[in-house]
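Each chain, letter by letter, is given below.
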Amino acid sequence: MIKKIKSDGCLQISNGALSYKHKWDYSYIFTWMRIELKQLGQPTDVSVTFQNKAYVVKCKDPIFTVINNRTFDLHCTDLDLLIDSLEINAFNQKQLCSVEVSGGRNIALNQTTNQTGFYGFGTSEKAVDGRRNSSWYNESCTHTNVTHPSVASWRVDFNKPFYVNRYDLYNRNENKDRLANFTLHSYSPKGDNIFEYKNLAGEIKDIYTIPSSLTNLVSFVTISKTPAVLKENILTLCEVEIFGDNDCQDKHNFGLECNETCNCFNQSENCLVSTGGCPSGCAAGYTGKAVQQAVTLEPMEKIVPFRATLTV
């Protein structure tokens, strides 16, 4: 049995094994997570099990990186590990203080966009301005030009290729059918269509969550109405969030822009692009946060699209 200790925000065991379960409303691509213990500990003190619906999915070749003697990260080398719940069991531990789960970073934010004309204040960049407000009257949604001769479409171009694991499309409150019957395509740096999702049934949702595989680099993404089921040539989007990460060419760099430097014990290994963590540990003279200088709790709040938190 677990109970919350409000004085320090940690969960404490009262009898039996320390265990925590969390379930999301959608299935997500898992990339990495951070676990904070109350006592001094090590990665072997914790076991993590993932599930997708009724099936247990395993993290092959898990990589642990230590932040300090109470906090560590778990990375999975499976780039398409789709999960909707997880369970954490802690051994030789009495308190579990926080769990941060990441599914990538929003790489679409403030990127270059265009669309087939616009109506009113519904210009294309409104879909990547970081505002999820679903009301047209708050001037945060796009709107294509109904008189444009081409099929209504919207496009975002990344400033560099990224690996993508999920697309979240936010619909508007009014006239929701203007996002229904759409097709989403992702394109490689060579311009090849490498991913396609079709909403041909016209299913109307407030948020469309579309998982993808991280096996290919993506340079740009298009969303368009589907001509075969076109009822009206209008496309509106209130926000498009595309989650993924970079592919840093220098093995000693990490971060969304590959502008942070890591210092690993094994100089020949690549540090983890999402956090700067080193599988071999820190180089002499460096410790946890010195190796992963860009990763502290505050920046994590900004890059984690879905979170399971135990903090009271």
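Residues numbered from 1 in each chain as written. Predicted model: local features only at pLDDT ≥ 70, side-chain atom pairs only at ≥ 80, totals over all residues. Heavy atoms only, no water.

The name recorded for the chain in an unreviewed UniProt entry is Fucolectin tachylectin-4 pentraxin-1 domain-containing protein, from Biomphalaria glabrata.

### Details of the environment of Asp192
Here is the rule: Each helix is a run of DSSP H or I of at least 4 residues and each strand a run of E of at least 2, with the numbering of both proceeding from the N terminus.
Mapped onto the fold, Asp192 is located in the loop between β14 (182–187) and β15 (193–198). For Asp192 and Ser219, which are 27 residues apart along the polypeptide, the C-alpha to C-alpha distance reads 9.8 Å.

### Focus: the sheet that holds strand β5 (residues 46–52)
Short version of the rule: Two strands pair if DSSP finds at least two bridges between them. Throughout, an axis means a line fitted to C-alpha atoms (over the contacting stretch in the case of helices), and angles, computed between N-to-C directions, take values from 0 to 180 degrees.
If you trace the four strands from one edge of the open sheet to the other, you get β3-β9-β5-β6, paired in antiparallel fashion. One side of each edge strand has no neighbouring strand; the edge strands of this open sheet are β3 (18–29) and β6 (55–57). Each neighbouring strand pair of the sheet contributes to a mean axis angle of 30 degrees, computed without reference to strand direction. Where β3 lies against strand β9 (residues 82–90), eight bridges are found, and the strand directions are antiparallel. The residue bridging Lys21 from the neighbouring strand is Glu87, located in β9.

### Remarks on the pattern of salt bridges
Any two side chains of opposite charge can pair, so long as their charged atoms come close to each other. This is how the line gets drawn: Definition used for salt bridges: Asp or Glu carboxyl oxygen within 4 Å of a side-chain nitrogen of Lys or Arg. We call a residue buried when its accessible area falls under 20% of the maximum for its residue type, exposed when it is over 50%, and partly exposed in between, using a 1.4 Å probe and counting protein chains only.
One pass over the full model with this rule turns up ten salt bridges. Here Asp129 ties to Arg131 by a salt bridge, and the two come within 3.2 Å at their closest N and O atoms. Judged by its relative accessible area of 25%, Asp129 falls in the partly exposed class. Assessed through its relative accessible area of 37%, Arg131 is described here as partly exposed. Close ionic contact of Arg132 with Glu241 constitutes a salt bridge, the shortest N to O distance being 2.7 Å. A residue pair is termed long-range when its members are at least 10 positions apart, and Arg132 in the loop between β12 (112–115) and β13 (153–170) and Glu241 in strand β18 (residues 239–245) qualify at 109 residues. Assessed through its relative accessible area of 44%, Arg132 is described here as partly exposed.

### Things to note about the pairing of strand β10 (residues 95–102)
Buried residues dominate β10, accounting for eight of its eight residues. Two elements, strand β4 (residues 32–37) and β10, share six bridges in a ladder whose sense is antiparallel. Residue Arg34 lies in a different strand from β10, and its bridge partner there is Glu100.

### Things to note about the nonpolar core
Our working definition: Each nonpolar core is a collection of buried residues, namely Ala, Val, Leu, Ile, Met, Phe, Trp, Tyr and Cys, held together in the definition by side-chain atoms within 4.5 Å.
Of all hydrophobic cores here, the largest spans 25 residues; its most connected members are Trp154, Phe158, Leu169, Ile223 and Ile242. For this core, the secondary-structure elements that each account for two or more residues are β13, β14, β16 (207–211), β17 (217–225) and β18. Of the residues forming this core, the biggest block, seven residues, is contributed by β13. In this structure, Val46, Cys59, Leu74 and Ile88 belong to the second largest nonpolar core, which totals 23 residues.

### Concerning unusual backbone geometry
Trans peptide bonds make up most of the peptide bonds, and negative phi angles are found at most residues other than glycine. Of note, the phi angle at Asn175 is positive, near 50 degrees, even though the residue is not glycine. Mapping Asn175 onto the fold places it in the loop between β13 and β14. Although it is not a glycine, Asn181 sits at a positive phi angle of roughly 55 degrees. A relative accessible area of 9% means that Asn181 is categorised as buried.

### Brief notes about the packing of aromatic side chains
We describe a pair of aromatic rings using the distance from one ring centre to the other and the angle between the two ring planes. Defined as follows: Pairing of aromatic rings covers Phe, Tyr and Trp, the last counted by its six-membered ring, and requires centre-to-centre distances within 6.5 Å; plane angles under 30 degrees mean stacked, over 60 mean edge-to-face, and any other angle means tilted. For a lysine, the NZ atom is tested; for an arginine, the CZ atom; a charge sits over a ring if that atom is within 6 Å of the ring centre and within 35 degrees of the ring normal.
For the structure on display, the rule yields nine aromatic pairs. Measuring from centroid to centroid gives 5.9 Å for Phe64 and Phe72, while their planes differ by 65 degrees, and the two rings are edge-to-face. For Phe72, a relative accessible area of 2% puts it in the buried group. When the ring of Tyr167 is compared with that of Phe195, the centres are 5.6 Å apart and the planes differ by 10 degrees; the resulting orientation is stacked. On the criterion of sequence distance, the pair formed by Tyr167 in strand β13 and Phe195 in strand β15 is long-range, its members being 28 residues apart. Note on Tyr167: relative accessible area 0%, which makes it buried. Sitting above the plane of the Phe220 ring, Arg155 keeps its charged end 3.8 Å from the centroid.

### Structural notes on the side chain of Ser224
What counts, and what does not: Residue contacts are defined here by distance: any two heavy atoms, one from each residue, within 4.5 Å place the two residues in contact.
Position of Ser224 among the secondary structure elements: in strand β17. The exposure class assigned to Ser224 is buried, which follows from its relative accessible area of 16%. Once you skip the residues sitting within four places of it in the chain, Ser224 turns out to touch Ala152, Ser153, Asn181, Phe182, Thr183 and Leu235.

### Considering the state of the cysteines
Between two cysteines, a covalent bond joining their sulfur atoms is known as a disulfide. What counts, and what does not: For this text, the term disulfide refers to a pair of cysteine sulfurs within 2.5 Å.
This structure, assessed with the given rule, holds two disulfides. Bridging Cys59 to Cys76, the disulfide has an S-S length of 1.9 Å. In this structure the cystine formed by Cys59 and Cys76 twists about its S-S bond by roughly -135 degrees; its chirality is therefore left-handed. One end of the pair, Cys59, is in the loop between β6 and β7 (63–66); the other, Cys76, is in the loop between β8 (71–75) and β9, and 17 residues separate them in sequence. In terms of burial, Cys59 and Cys76 fall into one category: buried. Paired through a disulfide, Cys141 and Cys238 show a sulfur-sulfur distance of 2.0 Å.

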